[in-house]
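Next come the chains, spelled out residue by residue.
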Amino acid sequence: MTMPALRIARVLQMLGLARKSGSLEVGQDRALTLRVRGITFLTTEDCADAVLRKIEHRVSTGGHTHHIIPGVTREELGNAVGVSSAQILALPSDSGFAKKIAELLEQGACINE
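Because the structure is predicted, anything quoted here is derived from the model rather than measured. (Residues numbered from 1 in each chain as written. Predicted model: local features only at pLDDT ≥ 70, side-chain atom pairs only at ≥ 80, totals over all residues. Heavy atoms only, no water.)

Draft legend 1. Summary view of the pairing of strand β3 (residues 65-69). Within β3, five of the five residues are buried, which leaves the element mostly enclosed by the surrounding structure. Here β3 shows no split at all, with Thr-65, His-67 and Ile-69 on one side and His-66 and Ile-68 on the other all buried. Note that strand β2 (residues 39-44) and β3 share five bridges and pair parallel. Paired with Thr-44 across the strands is Ile-69, a residue of β3. At this point the chain moves from β2, through helix α3 (residues 49-60), to the parallel β3, and the crossover so formed is right-handed. (Buried < 20%, exposed > 50% of the residue type's maximum accessible area, 1.4 Å probe, protein only. Helix = DSSP H or I, 4+ residues; strand = E, 2+ residues; numbered from the N terminus. Pairing = 2+ DSSP bridges. Right-handed = clockwise from strand over helix to strand, strands pointing away.)

Set out below in structure tokens:
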């Protein structure tokens, strides 16, 4: 099942706003060292296997979620948040941005929790 392009564009727009507000961490080092209770990890479909394993470990050890943004590449995700390329982002799960993005993704497909 493919997610409609309009919904993906809305997710990317929300991520850009989250970055501007300072609530979004970009990149593997920053995302995986974030120390808050309940983190929402967002990755691209072309995310490296090693990064996915690290995320899955964090998710399995408590209170975190992982969402794959369907059809979005590293370059597209990077452009949405103002960097050249990004394969992983992180937000506190209790933020309004994380809740809205999860809602948009759940309406379309591709959720891993």
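Back to the text.
Draft legend 2. Summary view of the environment of Arg-19. Inspection of the secondary structure puts Arg-19 in helix α1 (residues 5-21). Measuring from C-alpha to C-alpha, the distance between Arg-19 and Val-81 comes to 6.1 Å, with 62 residues separating the pair along the chain. Ignoring sequence-local partners within four residues, the contact set of Arg-19 consists of Leu-24, Val-26, Val-81 and Val-83. At 3.3 Å, the side chain of Arg-19 forms a polar contact with the backbone oxygen of Val-81. (Contact = heavy atoms within 4.5 Å. Polar contact = N/O pair within 3.5 Å; in protein donor to acceptor, adjacent residues only side chain to side chain.)

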